[in-house]
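# Breakdown of the fold
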Amino acid sequence: FLNWSTITATMFVANAPYIKHEFEVLRDSGDWNRWRNAIKETYLGAPTNLPYYTATSGNLVHQAYHLKKFEDLSGKKLIDIESIFEFGCGYGAMALVARRAGFMGDYYVHDFPEMLFLTLYYLGNLGVEDIHYIDNVQPLNIDLFVACYSLSEVKTGIRKHVLNTVHADNYLLVFQEYWDDIHNYEWFDSFALM
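One structure accompanies this document, and this report is about it. Given the structure is predicted, the values throughout are model-derived calculations rather than measurements. (Residues numbered from 1 in each chain as written. Predicted model: local features only at pLDDT ≥ 70, side-chain atom pairs only at ≥ 80, totals over all residues. Heavy atoms only, no water.)

### Let's talk about the overall build of the protein chain
Our working rule: Elements are defined by DSSP. Helices are runs of H or I of four residues or more, strands are runs of E of two residues or more, and each kind is numbered from the N terminus. Taken over C-alpha atoms, the radius of gyration is set against a globule rule of 2.2 Å times the number of residues to the power 0.38. Partly exposed describes any residue whose relative accessible area lies between the buried limit of under 20% and the exposed limit of over 50%, with all areas from a 1.4 Å probe on protein chains only and scaled to the type maximum. Any two residues having at least one pair of non-hydrogen atoms within 4.5 Å are treated as being in contact. Method for areas: the Shrake-Rupley scheme with a 1.4 Å probe, in which residue coverage is limited to the protein chains shown. As used throughout, the charge tally considers Lys and Arg to be positive and Asp and Glu to be negative, leaving His and the chain termini uncounted. Note on charges: their place is set at NZ of Lys, CZ of Arg, CG of Asp or CD of Glu.
Across its full length, the protein chain carries eight helices and seven strands. Taking 194 residues into account, the globule formula puts the C-alpha radius of gyration at 16 Å, and the protein chain, at 16 Å, falls close to it. Within the protein chain, the fraction of its 194 residues that count as buried is 52%. In the protein chain, 68% of the contacts between residues at least 6 apart in sequence involve partners at least 24 apart. Of the roughly 9,700 Å² that the protein chain leaves accessible, carbon and sulfur atoms contribute 53%. In the protein chain, the 14 positive side-chain charges and the 24 negative ones have mean positions that sit 7 Å from each other.

### A short note on the sheet that holds strand 2 (residues 106–110)
Selection criterion: In this scheme, strands are said to pair when DSSP sees at least two bridges between them. What counts as an axis is a line fitted to C-alpha atoms, over the stretch in contact for a helix, and the angles between N-to-C directions run from 0 to 180 degrees.
The strand order across the open sheet formed by five strands is 3-2-1-4-5, and the pairing between neighbours is parallel. The sheet is open, and its two edges are formed by strand 3 (131–134) and strand 5 (166–174), each paired on a single side. Each strand axis lies, on average, 25° off the axis of its neighbour in the sheet, ignoring direction. As defined by bridge partners, strand 1 (residues 83–87) adjoins strand 2 across five bridges and the pair is classed as parallel. The partner of Glu 86 across the bridge, within strand 2, is Val 109. The strands touched by helix 6 (residues 113–125) are strand 2 and strand 3; relative to strand 3, the strand with the most contacts, the crossing angle is about 165°. Against the sheet, helix 7 (residues 156–165) contacts strand 1, strand 4 (140–148) and strand 5, and its axis sits at roughly 130° relative to strand 5.

### Observations concerning the nonpolar core
The condition that has to hold: Buried residues of nine kinds, namely Ala, Val, Leu, Ile, Met, Phe, Trp, Tyr and Cys, make up a nonpolar core once their side-chain atoms join them within 4.5 Å.
Ranked by size, the top nonpolar core spans 46 residues in total, and within it Trp 35, Ile 39, Leu 67, Tyr 107 and Tyr 122 carry the most contacts. Among the elements of the structure, helix 2 (17–27), helix 3 (32–38), helix 4 (58–74), helix 5 (93–100), strand 2, helix 6, strand 4 and strand 5 are those that each provide at least two residues to this core. No other element matches helix 5, which puts six residues into this core. By size, the runner-up hydrophobic cluster in this structure holds 19 residues, among which are Phe 85, Tyr 108, Val 154 and Val 162.

### Looking at the pattern of salt bridges
Stated formally: The salt bridge definition used is simple: a Lys or Arg side-chain nitrogen within 4 Å of an Asp or Glu carboxyl oxygen.
Applying the stated criterion across every chain, the model contains seven salt bridges. As a salt-bridge pair, Lys 77 and Glu 71 come within 3.6 Å of each other at their nearest N and O atoms. Classification of Lys 77 as partly exposed rests on a relative accessible area of 39%. Overlapping salt bridges, with partners in common, bring together Asp 31, Arg 34, Glu 71 and Lys 77 in one network.

### Quick look at helix 8 (residues 184–192)
Here is the rule we go by: The arc refers to the directions leading from the helix axis to the C-beta atoms.
Every buried residue of helix 8 is accounted for by Asn 184, Trp 187, Phe 188 and Phe 191. For helix 8, the angular spread of the buried residues around the axis is 90°, confining them to a single face. Considering only its buried residues, helix 8 is in contact with helix 7, strand 5, strand 6 (178–179) and strand 7 (182–183).

### Side note on helix 2
Among all positions in helix 2, only Ile 19, Glu 22, Phe 23 and Leu 26 are buried. Viewed along the axis of helix 2, the buried residues span an arc of 100°, placing them on a single side of the element. On its buried face, helix 2 is in contact with helix 3 and helix 4.

### As for the state of the cysteines
Spelled out, the test is: Disulfide assignment relies on a single distance test, namely cysteine sulfur atoms paired within 2.5 Å.
Tallying each qualifying case throughout the model produces zero disulfides. No disulfide involves Cys 89; its sulfur sits 12 Å from that of Cys 148, the nearest cysteine. Judged by its relative accessible area of 4%, Cys 89 falls in the buried class. What makes Cys 148 buried here is its relative accessible area of 18%.

### Considering the packing of aromatic side chains
Definition in use: Under the pairing criterion, centres of Phe, Tyr and Trp rings, with the six-membered ring standing for Trp, must be within 6.5 Å; the plane angle then separates stacked pairs below 30 degrees from edge-to-face pairs above 60, leaving the rest tilted. Only lysine NZ and arginine CZ atoms are considered, and such an atom sits over a ring when it is within 6 Å of the ring centre and within 35 degrees of the ring normal.
Going through the model one piece at a time under the given rule, you end up with 13 aromatic pairs. Here the aromatic rings of Phe 23 and Tyr 53 are separated by 5.0 Å at their centres, their planes lie at 35°, and the arrangement is tilted. With Phe 23 in helix 2 and Tyr 53 in the loop between helix 3 and helix 4, the pair connects residues that are 30 residues apart, well separated along the chain. Phe 23 sits in the buried class, given a relative accessible area of 5%. With a centroid separation of 5.4 Å and 70° between ring planes, the pair formed by Phe 175 and Tyr 185 is classed as edge-to-face. Taken as a pair, Phe 175 in the loop between strand 5 and strand 6 and Tyr 185 in helix 8 lie far apart in primary sequence, 10 residues in all. For Phe 175, a relative accessible area of 22% translates into the label partly exposed. Under the relative-accessibility criterion, Tyr 185 is labelled partly exposed at 41%. Aromatic ring contacts, followed pair by pair, group Phe 85, Phe 145, Tyr 171, Phe 175, Tyr 185, Trp 187, Phe 188 and Phe 191 into a single cluster. Lying across the ring of Tyr 52, Lys 20 places its NZ or CZ 5.0 Å from the centre. The aromatic ring of Trp 35 is capped on one face by Arg 34, whose charged end is 4.3 Å from the ring centroid.

Spelled out as structure tokens, the structure:
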């Protein structure tokens, strides 16, 4: 399924040029053993492995890089975080990497029902069974809110609803400059000032 055109066009970065830099950041960290374990790829979904490090894929590296940047910038380690809510979980790669990198708390995922089925299939076949699947956003108080591109790819009304419903102490938000007619830098700057 990781070679389906919809997946490759929307959520699997393969060997994009920036992945080599992200891989080197993980490899050169003082915590390479933890990240190496977190990004170990499996056969499931037939992922495309990296040519310069065939034990992983660009997608797992990309997820781990985001988590490492969160740790570096916040000064907090995943092992110390008690709960994560991920908006737009895709097929479950972030949840897998977070678990492997030491996160042991409650992990909530939200996406379209079809994506939740795919996530359940993916993570279940990899032995990651302690995930809370949410198809409707509900009030939660959590330690870390994760949205890698997903929150920036919905209308502002949905963004506001999600951020007003799920309350977090920390945020890991990744977004592109524009989506549809929305200037995401301005929108997320205004959110950060709230």
